[in-house]
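The chain contents come next:
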Amino acid sequence: MPHPINRRLFRASIGVLAAAAVLGPQIPASAAQDPSARVFMVNPVQATGDQGLTDDKDAATAVPASAYATAALRNLDGSGSLSGAWVTVRSETGSAARPIDGAYVYDRHSDQFEQVMAYFWVNESQEYLQSLGFGSELPAANARQQPVRINQWGADNSFFTDKKAEIRFGKGGVDDAEDAEVIVHEYGHAVHNAQVPGFGTSEEAGSIGEAFGDYLAVSVGDHADAKYGWPRDTDLACVGDWDSVSYTSSLPHCLRRVDGDKTYADKVGEVHADGEIWSRALFDIRTALGARTADRIIVNAQFGFAPDTSFEDAALKTIATAQDMYGAHEADAVRQAFAARGIPGV
Ligand SMILES: [Ca+2]
Ligand SMILES: [Ca+2]
Ligand SMILES: [Ca+2]
Ligand SMILES: [Zn+2]
């Protein structure tokens, strides 16, 4: 099992969210006006299936052109900056990305590439949540301009601070924002915190936060692959196939997986390790009910989690949410997924 030591969640402070500027959806530019950008199809290992890829000190030549795709950057505010309805990117490394003839075309060696990746994948994540009904039929889930900062963090680390409600991506090993699954994982923390301010004050709540980030990373990547027709040549359950080449030696390279066999009896008191108990349950719900139904239940249930929830209370809330939204068949599938992990009380 890959060790999660490189990816601790730092909580700068627990409690009050800084007042964040809330932008409603801005008038979307027509598709014809959206700039295009060169991005990774989730990540290069996943897109190519090549487990032998290495960072090679951020060399452009370390990753083949076949790992990149050209995609539209939607919901930008038209200023030329990577700032839009659902994300604004700030960087402390390199100058800000700017479009040339309507296109952001960078390779991984350019600091601007991670800026573009962060914009694209955060926007993609919020669009996915909205496609599930969050913000229309269901309550909005972090439908605001998410601040993202790309900086030269000393360690190999990315994190979400609930004080500033900001995501920071580190640059140790493979630059963290070169892997969409790392980007979406951190966005998962932002979603949780928007749903329940200060979420994650108990060890089990923190584990649920890590699990949801991993699960959302898998789900958003899978949705994007299907939507754009991009290839995936690694296991769906493997999270961080590319970032983890820097610190894992076993193959396939994965930061963590969402299809592990851990149960409640395997708890060790560390949120990333114990998160693998919860993420497997989420993955089983997906397998049983399909991605869309599963994700609507999973995210909607989270509005009702206490900041210091236990696995038991969160599982019961998720089962009840499935019952309310769909019915007995779906509630039973959710119950079975948690029961298989030995969650008490379900
Ligand atoms: Ca890079
Ligand atoms: Ca890294
Ligand atoms: Ca993956
Ligand atoms: Zn995390």
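Residues numbered from 1 in each chain as written. Chains lettered and ligands numbered in written order. Predicted model: local features only at pLDDT ≥ 70, side-chain atom pairs only at ≥ 80, totals over all residues.

A tally of regular secondary structure across the chain gives 8 helices and 9 strands. By the burial criterion, 51% of the 346 residues in the chain qualify as buried. At a minimum sequence separation of 6, the contacts of the chain that also span at least 24 residues come to 69%. (Helix = DSSP H or I, 4+ residues; strand = E, 2+ residues; numbered from the N terminus. Buried ≥ 20, exposed ≤ 12 C-beta atoms within 10 Å, placed from the backbone. Contact = placed C-beta atoms within 7 Å.)

Strand β5 (residues 146-150) sits mainly inside the fold: 4 of its 5 residues count as buried. Two strands pair when backbone bridges link them, and strand β3 (residues 87-91) and β5 are joined in this way by 5 bridges, in the parallel orientation. Paired with S91 across the bridge in β5 is I150. Examined bridge by bridge, β5 and strand β7 (residues 166-169) share 3 bridges and lie parallel to one another. (Pairing = 2+ DSSP bridges.)

Another aspect to go through is the nonpolar core. A general trend in soluble globular proteins is that nonpolar side chains are found buried together. Counting 93 residues, the largest nonpolar core has V116, M117, A118, I183 and I285 as its most contacted members. With residues up to four places along the chain from it excluded, the contact list for I183 reads M117, A118, W121, V122 and A177. (Core = buried A, V, L, I, M, F, W, Y, C linked by C-beta atoms within 7 Å.)

What follows deals with the environment of T54. One can find T54 in the loop between α1 (44-48) and β2 (68-72). When the C-alpha atoms of T54 and G173 are compared, they prove to be 9.5 Å apart, with 119 residues separating the residues in sequence. Not counting chain neighbours up to four residues away, the residues in contact with T54 comprise A62 and V245.

In this section: the confidence of the model for the chain. The pLDDT averaged across the chain works out to 91; a share of 89% of its residues lies at or above 70. Here strand β6 (residues 159-161) stands out as the element of the chain with the lowest mean pLDDT, 87, in contrast to helix α6 (residues 291-302), whose mean of 99 is the highest. (pLDDT = per-residue confidence, 0-100.)

Inspection of the secondary structure assignment puts P44 in helix α1. According to the C-beta neighbour criterion, P44 is buried, with 24 such atoms within 10 Å. Sequence separation of P44 and A180 is 136 residues, and the distance between their C-alpha atoms is 9.8 Å. Once residues within four sequence positions are removed from consideration, P44 is found in contact with L53, V63, A67 and W242.

Another point: unusual backbone geometry. In the segment running from L251 into P252, the intervening peptide bond is cis, with an omega of -5°. Note that P252 resides in the loop between β8 (238-239) and β9 (256-257). One non-glycine residue, D58, lies in positive phi territory at about 65°. With respect to the helices and strands, the residue D58 is situated in the loop between α1 and β2. The class for D58 is partly exposed, based on 18 C-beta atoms found within 10 Å.

This part is about the sheet that holds β7. Hydrogen bonds between backbone groups are what pair the strands of a sheet, and the pairing can be parallel or antiparallel. Read from one edge of the open sheet, 4 strands run β3-β5-β7-β6, paired in mixed fashion. The open sheet has two free edges, formed respectively by β3 and β6, since each of these has just one partner strand. The sheet shows a mean angle of 25° between the axes of neighbouring strands, taken without regard to direction. Bridge analysis of β6 against β7 gives 3 bridges, and the strand direction is antiparallel. (Axes fitted to C-alpha atoms, helices over the stretch in contact; angles between N-to-C directions.)

This brings us to the sheet that holds strand β4 (residues 103-104). Spatially, 3 strands are ordered β2-β1-β4 in an open sheet, and the strand pairing comes out mixed. Pairing within the sheet leaves two strands with one partner each, and these edge strands are β2 and β4. Where strand β1 (residues 36-40) meets β4, 2 bridges bridge the pair, whose relative direction is parallel. Its bridge partner lying in β4, S36 is registered against A103. Packing of helix α2 (residues 111-131) onto the sheet brings it into contact with β1, β2 and β4, and relative to β1 it is tilted by some 95°.

Our focus in this paragraph is the packing of helix α4 (residues 203-228) against helix α5 (residues 271-289). If you want to describe how two helices pack, look at the angle between their axes and the distance between the axes. Contact geometry for α4 and α5: axes closest at 7 Å, N-to-C directions at 55°. Accordingly, the angle class assigned to the pair α4 and α5 is oblique. Like other packed secondary-structure pairs, α4 and α5 cross with a definite hand, here right-handed. The segment α4 lies against α5, with E203, G206, S207, I208, E210, A211, D214 and Y215 engaging V271, H272, D274, G275, W278, S279, L282 and F283. The residue inventory of the contact of α4 with α5, partitioned by class, reads 7 nonpolar, 5 polar and 4 charged. (Parallel < 35°, antiparallel > 145°, perpendicular 65-115°, else oblique. Left-handed = near helix turned anticlockwise from the far one by under 90°. Nonpolar A, V, L, I, M, F, W, Y, C, P; charged D, E, K, R; others polar.)

What follows is about the packing of α5 against α6. Packing of α5 against α6 brings their axes to within 7 Å, and their N-to-C directions diverge by 135°. The orientation of α5 relative to α6 falls into the category oblique. Every pair of crossing elements has a handedness; the one defined by α5 and α6 is right-handed. Residues L282, I285, R286 and L289 of α5 form the contact with α6, whose participating residues are A291, T293, A294, I297 and I298. Among the residues making up the contact of α5 with α6, the classes are represented as 7 nonpolar, 1 polar and 1 charged.

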